[in-house]
Structures are given as C-alpha cells and as structure tokens.
Amino acid sequence: MPDIVQLLPENIANQIAAGEVIQRPASAVKELLENAVDAGATEIKLFVNDAGKALIQVIDNGQGMSETDARMCFERHATSKIKNIEDLFHIKTMGFRGEALASIAGVAQVELKTKKAEDITGTYIEIENSVVKTQQPIAVQQGTSISMKNLFFNVPARRNFLKSNTSELRHIVDEFIRVSMAFPEIFFSFTSNGQQVFHLEKGTLKQRIVQILGNNYAAKLVSVQEETDYMNIYGFVGKPDTAKKTRGDQYLFVNNRFIKSAYLNHAVMNAFSDMIAKDSFPMYALFIDLDPSRLDINVHPTKQEIKFEDEKIIYAFVQSAVKHALAQFSVTPTLDFDLDISIQQSDAVSKPFTDDKRSAAASSSLYKTFTQKHQAHFIENKSDLQHWDSELSVVSGQLSVDGEKEFTSQGDLDKNNKTEYTPESLQKKEDKKPTNNNFIQLHNSFIIAENRNGFIAIHQQNAHERILYERFLNAIKGKPIATQRSLFPATIELAPGDTVLLNELLDDLKLLGYLVEPFGNNTFVIQGSPADVVQGNEKATLEKMLDQYKHFSNDLKFNKREKLLRSMAWQQSVKAGTSLDQKEMESLINDLFECETPNCTPNGKPSYLEFKKEELDKIFGR
Ligand code: ADP
Ligand code: MG
C-alpha cells in the first residue's frame, strides 16, 4: 500500500481556513475596516456593490505597507500586531491573528494598493486563489486600498449559500455601524451601488451615535461614565421614553470591540426595570475599558462572545453605572452607585494581577488556542456560562421578544399555540357568512353577527389585517393600488440603516399605493399615498411600518415582500378600541368574506369565532 497522507495545497488550505473567518460579505467588511483602524487611519471609506457579492473595497489613509509587507500580509499567520505570547495579553489592536487577508485572498480576486508616507512609490498586488498574479510599483497616496471582487468565485457552494442582497447588505450595515460607532474620531463613509449610505464626520461619541442612529436621539441621550481602578465604562443610554419595541439599538463594546453578551445586556435591562414597559428595549451604546490581561480575549476572529476574568463584577458595575446615570436625569430617588462591598473586597478588584494568575491565564483556553496549532478555531463550550443561565431565564420573556411569537407563519405555527387557526374551505366560508346586517359592536373591538348556524364574534382588528393582507397581495401580484398624489408631499428623514431598508422596499411600496422618492441624505419625499387611505398620516405610517418590518428582519422564513405585506397590513388595520358605525361594520364584514381565507390573520390568529345555535341550546339545557 502506498502512503496516502499528504499536505493540502496552500490554496485549498486557505479556502478551508477562510470558511472560519469569512462566512459572508459582512465578515470581510469587518476585517478590512478593522485593519484600516489598526493602521491608524483617520479616514476610512467603504464601497460595496451587490451587497458585497460583486465588490468590497476599503480605502484608508493609514500607515500603509512596504513592498515586502504588502507581499507578506497575505500569508497565513502573517501579522505585525503580536510578536510573542506575552503580547497577547496586551492587545490593543482589533486584529492579531494574521488570518484575514490570507483568507480573503483564498476566496476572492483581490487588489491591493498601498504606500507608506516615507516611500516614494507604492505597491500594487493582484492576487487570486492565493496566487499572486501581478506585482508592480504604483503611484498612490499614503494609505491602503484593498478591493475584493466576486467573493467565493472559486467556492460555488459557499457563494450559493449567500442570502438575498437585502439580507447581506443588512449584515454589512451592522458591521459598519459596530466599527464606526467605536471610533468617532475617524471619518467613515459607506457607499452601496454608487449611493452614499453613511457619511460620518469626525466628532464626539454623542455626535457619532446620533449620526448613525438618527436625529431622534439628539436630545434623548443620557451620559454614562464611571471610572475605577479596575475598569471604566462610558457611553450613552437612551432616555426611557425612547425605548422601542424592537431590540435594535443596543451596542456594547469591550476595549472598542463590539461584543454580544446576553449577560451584560441583562445588566443594562435590569437598570432600566420599572422605568420602561416590560416588552420594550432601551437604546444603549456602552464602552467598557479594562486591562486586556483581565479578559480571555476573543481569540476566534469572528467570535463576539468574550470571557471576563470575573464577569460578576462587570455585571454589577454595568448595572450600577447605568442606574446612576438614569437617576441623575430622572426624578426617582438617587440610587446607590457604590459597588457592592463583597465585590470591592473580591480578589479581582483588590489584588493586582499576580504571577499565579498570569500562569493560570497561560493555561487557559486562550493560550492553548494560540499555541496548539490545529486548535486555532477552538470555540469554547457554552456550558462555561451555565451559572448565569438560571438568572437569565427569569427575564427570558423579555429577552426573546422580537415578535417571533406574534408572527409565526401559518405553515409552522407553534403546536402549543392555542390560537392556531388554519384556512378553512370555501364551502365552510359560505356557511359562516352573516345572514343579515344587524351588527353589534362590543367593547369597540368585537362585532357580533348572526349566521346560518348561530352567530359569529368577529375581532375587528384581526379581520381587517386579513382583508388588507389579501388586498396587498393582489396589488403585488399585478393589480397595483391607485395612488393619490399629495399636494404637500411630506418628507421623512431616517437613520442610515433604515434608509438602506426603505430603498429596497420602494418598488413594492409603489404597488401598494405609496409613491416614495429618495431625496439624498437619508431623506425621502412621500409624493403620493393610496387613494383609499385618508391623507395626512403617510409619514407616521411609513415610520411605523419600518419599525414593524424590522421585527421580521431576522426571520428568514419570510421574504422581503411577505414582511412588507404583513407590516403594512398590521400598520393600517383598524385597531381594537376603535368605534365603528353600521356602515363601517358592514363593509368590514363584506370585505372579510370576500377574502380567500377569511377565518384567520396572516399570522394565524382567528379573525372570528362561531357559536352554534345547537351548542348554545345545549348549554342552556334546551
Ligand atoms: P491581523 O490584522 O490579524 O494582523 P490581517 O490578515 O488582517 O491580520 O493583516 C495582516 C497584516 O497586514 C496586518 O498585521 C498589517 O500589518 C497588514 N495590514 C493589513 N491591512 C492593512 C492596512 N489597511 N493598512 C496597513 N497595514 C495593513
Ligand atoms: Mg486584521
């Protein structure tokens, strides 16, 4: 038997490894932006075409690379950021593993142009499939430009795995926001398909937050700032009245790196308890700074979880800092900021980082991950976090909102959901129809109507959602809703992220009767609205619709249109609590029974219930 073990060719090894670092266009965006930040740039520009599938380019004015470095940077484990294992405990840069560029060069067609301030000429390198195609001197400005074209061109399986442009662009926007928010002293811009989406001038953190999240927050931010020897926290939280029903605007950074931590999120939410509704989410952008040696730093480049030396302290600290900040602006009695005495006395706070600890750290998974070559992508087991799971479950109701419950599709409704309703047959529909027009509205929410078998109780909002949903569905399928031009077109200004969203929806909105035109600078003009909807509320309607739409953003079950239709139907439906006159009830009920599926909302809630005469007779003992 011949020997069969052989080394993988470098380009294949790179492609495999790239899978860990570059999962989608947004991961490449993150890596390139972070490299630009690490290079000390004061201006960073991002360009993408086709949601990054065709092109991702980052241009910075940072320190640039020499000819040799330019060639070296594409090698795996080539980095200028650490030299020895000690450096790992003092990392201040965003990257340090030297894998991003090697990965990118393995799965895209890459062009690098770079020049250092002191060099006369720069270097141009073209690399594809990890093979250098061209290298030559070039005249360029100081800094670096990296463009990657046709991501995953050589890994079709991965390319096919990419989501729709809307979804990939959303991920890119998220990454862009996470990096740009952490560095307000750097100018950032973001251009998608030739249209500038973000233009973030240098400024304060507060200005940056408002630039990114929208002007609504301008007068609504409460500053958080506490310093101790152990750690500092600074940033802003939104005043309680800005809490939203979608968990969108929540950002936590540790040493300027965006992280996700359900545990610390809980700490912030806790600080807000009693000040906001249970199912709403406060805005926050909080930055925790602490000695890097006190963290088991995120070794996996795309990993956003982080391990602290003592996370209980951090929890208490975050919670008190936010409470303190909130107490200062509100009228609630001043809350104690002082750290719990047991925490003050705990080792982590009172004792310096000893040699003991250092060696303990060296035997931690961090060290191992780095030293054991083929463990490079070891991801810690979730069970490490078990001790706070129980605490978290107390509020799991609050933490898992995002409208999932409300909006399960008919196809896979939660089996335990009592309100599960499936479409009924056409014949049945005829059976259920009211037989006369004597309608009674109860509690401004329900309508009682007599039918062949007994009577039905209609939920007016659910019924209306069904009617609108089917009307919108027909509109999209080719019977556009007539638009009425506005005499005084309203303008609407959005946060840049929402601008991207709305841009994607404009064509479909037109079919639904809304004529909305981009006006640049995150502004849109509403030129017309559906002819059958009273004018004057277009702006609020669109804003609320977008908010609702974002509810679905992470729900892959629904495509863009389905989300839009459902959001619109919900938004325009006559709400429970609205008094209806006879005519209105009549047309609502007529419209409902014109529907193909009158008996439930698009989300599977019943729109009416039938009470049969024979059953009622039985109940009354007749
Ligand atoms: P890492 O960031 O982990 O060091 P990368 O693969 O992202 O690894 O980059 C490799 C090296 O290339 C970096 O350490 C840095 O020296 C150099 N480099 C990458 N991008 C830039 C840039 N935009 N400007 C200057 N140098 C860069
Ligand atoms: Mg990097």
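Residues numbered from 1 in each chain as written. Chains lettered and ligands numbered in written order. Predicted model: local features only at pLDDT ≥ 70, side-chain atom pairs only at ≥ 80, totals over all residues. Heavy atoms only, no water.

So, about the packing of aromatic side chains. Each aromatic ring pair is summarised here by two numbers: the centre-to-centre distance and the angle between the ring planes. Counted by the stated rule, this structure contains eleven aromatic pairs. Considering the side-chain rings of Phe-176 and Phe-190, the 5.2 Å spacing of their centres and the 40° angle between planes classify their relative orientation as tilted. Of this pair, Phe-176 sits in helix α6 (residues 165–182) while Phe-190 sits in strand β7 (residues 187–192), placing them 14 residues apart in sequence. Note on Phe-176: relative accessible area 0%, which makes it buried. Look at Phe-190 and you get buried, because its relative accessible area is 0%. These aromatic residues form a ring-pair network of at least three members: Tyr-234, Tyr-251, Phe-253, Phe-258 and Phe-287. The lysine or arginine in question, Lys-163, covers the ring of Phe-161, its NZ or CZ lying 5.5 Å from the ring centre. Across the ring face of Trp-570, the terminal group of Lys-575 is positioned such that the distance to the ring centre comes to 5.1 Å. (Phe/Tyr/Trp six-rings, centres within 6.5 Å; stacked < 30°, edge-to-face > 60°. Helix = DSSP H or I, 4+ residues; strand = E, 2+ residues; numbered from the N terminus. Buried < 20%, exposed > 50% of the residue type's maximum accessible area, 1.4 Å probe, protein only. Lys NZ or Arg CZ within 6 Å of the ring centre and 35° of its normal.)

Time to look at the nonpolar core. Ranked by size, the top nonpolar core spans 67 residues in total, and within it Leu-46, Met-181, Phe-188 and Phe-190 carry the most contacts. It is α6 that contributes the most residues to this core, eight residues altogether. When residues no more than four places from it in sequence are discounted, the contact partners of Phe-188 are Leu-33, Val-37, Ile-44, Phe-176, Val-179, Ser-180, Phe-183, Phe-198, His-199, Leu-200 and Arg-208. Membership of the second largest hydrophobic core comes to 32 residues, among which are Val-237, Phe-308, Tyr-315 and Val-322. (Core = buried A, V, L, I, M, F, W, Y, C linked by side-chain atoms within 4.5 Å. Contact = heavy atoms within 4.5 Å.)

By secondary structure assignment, the location of Thr-491 is in strand β19 (residues 483–493). Residue Thr-491 is classed as partly exposed on the basis of its relative accessible area, which comes to 43%. Each C-alpha atom, one on Thr-491 and one on Phe-524, is 5.5 Å from the other, the two residues being 33 residues apart in sequence. Discounting residues that sit within four places of it in the chain, Thr-491 has contacts with Thr-523, Phe-524, Val-525 and Lys-539.

In a beta sheet, neighbouring strands are held together by backbone hydrogen bonds and run either parallel or antiparallel to one another. Read from one edge of the open sheet, four strands run β16-β17-β18-β22, paired in antiparallel fashion. Of all strands in the sheet, those with a lone pairing partner are β16 (440–442) and β22 (608–612), marking the two edges. Ignoring strand direction, the axes of neighbouring strands in this sheet form an average angle of 25°. Its contacts with the sheet put helix α17 (residues 460–477) on β16, β17 (446–450) and β18 (454–459), and the angle it makes with β18 is roughly 75°. (Pairing = 2+ DSSP bridges. Axes fitted to C-alpha atoms, helices over the stretch in contact; angles between N-to-C directions.)

Moving on, we come to the site of ligand 1. Surveying the vicinity of ligand 1 reveals 18 residues, the closest of which are Asn-35, Thr-79, Ser-80, Lys-81 and Gly-98. Measuring from a nitrogen atom of ligand 1, one finds a side-chain N or O atom of Asp-60 at 2.8 Å. Contacts to ligand 1 include Leu-101, whose backbone N or O atom sits 2.9 Å from an oxygen atom. Taken by itself ligand 1 offers 520 Å² of open surface, and the protein chains cover 93% of this. Grouping the amino acids of the shell around ligand 1 by side-chain chemistry returns seven nonpolar, seven polar and four charged. (Near = heavy atom within 4 Å. Polar contact = N/O pair within 3.5 Å; in protein donor to acceptor, adjacent residues only side chain to side chain. Areas by Shrake-Rupley, 256 points an atom, 1.4 Å probe, with all protein chains shown as cover. Nonpolar A, V, L, I, M, F, W, Y, C, P; charged D, E, K, R; others polar.)

Quick look at the packing of helix α8 (residues 262–272) against helix α9 (residues 311–329) now. The N-to-C vectors of α8 and α9 enclose an angle of 30°; their axes lie 8 Å apart at closest approach. Between α8 and α9, the angle is such that the two are roughly parallel. Read as a crossing pair, α8 and α9 show a hand that is right-handed. From α8, Tyr-263, Leu-264, His-266, Ala-267, Val-268, Asn-270, Ala-271 and Phe-272 reach across to α9, where they touch Glu-311, Lys-312, Ile-314, Tyr-315, Val-318, Gln-319, Val-322, Lys-323 and Leu-326. In terms of residue class, the contact of α8 with α9 is built from eleven nonpolar, three polar and three charged. (Parallel < 35°, antiparallel > 145°, perpendicular 65-115°, else oblique. Left-handed = near helix turned anticlockwise from the far one by under 90°.)

Bringing unusual backbone geometry into the picture now. At Asn-129, a residue that is not glycine, the phi angle is positive and equals roughly 55°. Within the secondary structure layout, Asn-129 lies in the loop between β4 (122–128) and β5 (131–138). With a phi angle near 70°, Ser-130 is a residue other than glycine that sits in the positive phi range. Along the chain, Ser-130 turns up in the loop between β4 and β5.

Our focus in this paragraph is the pairing of β5. Where β4 lies against β5, seven bridges are found, and the strand directions are antiparallel. Each bridged residue has a counterpart across the sheet, and for Glu-126 the counterpart in β5 is Thr-134. A loop of two residues connects β4 with β5, the two strands running antiparallel in sequence, and Asn-129 in this loop sits at a positive phi of about 55°.

Taking 1.5 Å of rise per residue, 19 residues should cover 27 Å, and α9 covers 28 Å from first to last C-alpha, within 8% of that figure. Counting buried residues along α9, 14 of its 19 residues qualify, which places the element largely inside the surrounding structure. (Expected span 1.5 Å × (residues − 1).)

Geometry only, nothing functional implied.
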